[in-house]
Amino acid sequence: MKSFPKNFYWGAATASYQVEGWNENTDWAQAARDGKVPPAGRLADHYHRYEEDFDIAKELGHNAHRFSIEWARIEPEEGKWDFAEIEHYRAVLKALRARNIEPFVTLWHFTLPQWFAKRGGFERADAPQVFARYCAFVAKELGDLCTHFSTMNEPNVYASNGWLRGSWPPFKRFAATDFVSITNSGRTYESRANRGIRPLFLYRRVLRNLARAHNEAYTLIKASQPNLDVGVVKHVIYFHANWNPYNMLRAWVANRMWTHVYMRRVRHTIDSIGLNYYFHKKFGDRAEYDKTDMDWDIYPEGIYGSLKLLTRYRKPIFISEAGLADRTDTRRAAYITEQIRATKRALDDGIDVRGHMYWSLIDNYEWALGTQKCFGLVAINYDTLERTIRPSAWVYKDIIDANGIPDSGGK
Ligand code: BGC
């Protein structure tokens, strides 16, 4: 059967810092002021133009939309709530509801309020409680307008970029060799202090605290609003292997480290799972793959393997992100089609997939890479703020309208 289930959610996703503009009270904005990451500034000005963007989503046939709340707007100082910002996000939710688009809210998507980052962020032992208090507050204020909440986006990506690679705030880098030449390294004291072996231990602590933070938030939210659907958004890399048993073992270990260690810690405190899929890695594979503008393999069918990895948690799965950077829009339509074909295969095999949200609705700030990478179904002209629907968005619409890949093949 070609059709997807009735009531399947089709849409796209965004995240506050990447599209809203002027989120100056965050650790990322501070890092930009320090010259460590590109400045964000106004970006697509989605904060003021969300209605226009939702009109486009509607025109493109979407019936679901995932977005995130900027913690620094809601709690600009510790323990102080900004009710005007709550009203803003209530208006955003109402704008989606008015268009019959089901909202999926992520409570935290990478950027932290400055006060929280300054006091140690997720390294701190009390971070889970502080985070849970914020999540419960937002869920209480928005829970009448939205059913689907995720506490956090991609804990593993956040922790590894911040504490192993050192490319994102707080820029701590696991680098064992630094011990050798520390005296004459010529690096500043600060960067030396943030390198070495200690970040590895901090990384493990942060990951543990993130799982605890989710668990605390889940418990607090559900205590007052048991009917809300509360989950996490998990970045899954699909590690697989050729025939070689050694490579199979490597894939097994990698899947365990990247996906299952965190998931096992939260498995009893999730109603659903958001899957973000971008990568696969096949051990023992010599194949050459075409690349996206991020230089990532074009391997949309790997979403099947990622979905399969999550089945053991026995929860409904929403594809909360999957997509590619493709400025010329020459590969996006085929990519989306193949990704959806693989998702259908998962459904046919009994995997409980409830929705597909392409990343991203509009072009956005791709973190340490700035605005050069174009993931959007809709292009943004950052000078004029003009929105232009890319041709692939119409191919996605054909799939949505047909509730499956149409006979013409969808591309
Ligand atoms: C993140 C997004 C990011 C996208 C593409 C995901 O890991 O949630 O914020 O823009 O990947 O890199």
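Notes on the structure follow. Think of each chain on its own: its residues are numbered from 1, step by step along the sequence as written. Local features in this predicted model are restricted to residues of pLDDT 70 or higher, and side-chain atom pairs are both shown and tallied only at a pLDDT of 80 or more, whereas totals for entire chains, interfaces and linings draw on every residue. Water and hydrogen atoms play no part in the side-chain values, which are based on all heavy atoms of the structure.

### Looking at helix α13 (residues 332-348)
Helix and strand definitions follow DSSP, with helices as H or I runs of at least four residues and strands as E runs of at least two, each counted in order from the N terminus. To estimate how far a helix should extend, the number of its residues minus one is multiplied by 1.5 Å. Taking 1.5 Å of rise per residue, 17 residues should cover 24 Å, and α13 covers 24 Å from first to last C-alpha, within 8% of that figure. Most of α13 is tucked away: 12 of the 17 residues are buried. Those residues of α13 hidden inside the fold are in contact with β1 (9-13), β8 (272-283), α12 (302-310), β9 (317-322), β10 (353-359) and α14 (391-402). Looking one or two places after α13, you find glycine 350, whose phi comes out positive at around 90 degrees. Think of it in three bands: residues with accessible area under 20% of the maximum for their type are buried, residues over 50% are exposed, and the middle band is partly exposed, with areas taken using a 1.4 Å probe on protein chains only. Here a residue-residue contact requires only that any non-hydrogen atoms of the pair lie within 4.5 Å.

### Remarks on helix α7 (residues 127-142)
Relative to the 22 Å expected for 16 residues at 1.5 Å per residue, α7 spans 23 Å between its end C-alpha atoms, a close match to the ideal helical length. Within α7, 13 of the 16 residues are buried, which leaves the element mostly enclosed by the surrounding structure.

### Some remarks on the nonpolar core
Core analysis: the biggest nonpolar cluster contains 119 residues, and Trp71, Phe122 and Leu210 have the highest contact counts within it. It is α7 that contributes the most residues to this core, 11 residues altogether. Not counting residues up to four positions away in its chain, the partners in contact with tryptophan 71 are Trp108, Leu112, Pro113, Trp115, Phe116, Phe122, Val130, Phe131 and Tyr134. Definition of nonpolar core: a set of buried residues of the types Ala, Val, Leu, Ile, Met, Phe, Trp, Tyr and Cys, connected through side-chain atoms within 4.5 Å.

### Observations regarding the sheet that holds β8
Backbone-to-backbone hydrogen bonds join strands into a sheet, with any given pair of strands oriented parallel or antiparallel. One closed barrel accounts for 8 strands, arranged β1-β2-β3-β4-β7-β8-β9-β10; its pairing is parallel. Neighbour to neighbour, the strand axes of the sheet diverge by 30 degrees on average, direction disregarded. In this sheet, strand β4 (residues 148-153) lies alongside strand β3 (residues 102-106) in parallel orientation, the contact comprising 3 bridges. Residue pairing in the sheet places phenylalanine 104 in a bridge with histidine 148 of β4. Along the sheet face, helix α11 (residues 245-266) touches β4, β7 (229-241) and β8 and points at about 175 degrees away from the line of β7. A pair of strands is treated as paired once DSSP finds two or more bridges between them. Orientation is described by axes fitted as lines to C-alpha atoms, over the contacting stretch for helices, and by angles from 0 to 180 degrees between their N-to-C directions.

### Quick word on the side chain of aspartate 329
The residue aspartate 329 is located in the loop between β9 and α13 in this model. A polar contact of 2.6 Å, which involves the side chain of aspartate 329, links it to the side chain of serine 392. Excluding its chain neighbours within four sequence positions, the residues that come into contact with aspartate 329 are Arg390, Pro391 and Ser392. A 3.5 Å cut-off defines polar contacts: any pair of N or O atoms within that distance qualifies, except that in protein one atom must be a possible hydrogen donor and the other a possible acceptor, and neighbouring residues in sequence count only when both atoms are side-chain atoms.

### Structural notes on the site of the ligand
In the vicinity of the ligand, 13 residues are found, and the nearest of them are Gln18, Glu154, Glu321, Glu366 and Trp367. Note that an oxygen atom of the ligand is positioned 2.5 Å from one of the side-chain N or O atoms of glutamate 154. The contact in question runs from an oxygen atom of the ligand to an N or O atom on the side chain of glutamate 366, over 2.5 Å. Side-chain classes are defined by residue name, with Ala, Val, Leu, Ile, Met, Phe, Trp, Tyr, Cys and Pro counting as nonpolar, Asp, Glu, Lys and Arg as charged, and the others, Gly among them, as polar. Here the shell around the ligand is composed, by residue class, of 6 nonpolar, 4 polar and 3 charged. The rule for a residue being near a molecule or strand is that one of its heavy atoms must lie within 4 Å of it.

### Some remarks on empty space enclosed by the protein
A pocket here means an open set of points on a 1 Å grid, computed over the protein atoms alone, that has protein on both sides within 12 Å along at least five of seven lines. A cavity is instead a set of points where a 1.4 Å probe fits but cannot get out; residues with an atom within 4 Å of a point line either one. Grid points are joined across faces, edges and corners, and a volume is the space filled by probe spheres set on the points. Counting across every chain of the model gives 2 cavities of 30 Å³ or more. Considering the residues around the largest cavity, the lining is formed by 16 residues, among which Phe104, Ser150, Val233, Gly274 and Phe318 are closest to the centre. Considering each element in turn, the lining of the largest cavity owes the most residues, 4 residues, to β7. Classifying every residue of the lining of the largest cavity gives 7 nonpolar, 7 polar and 2 charged.

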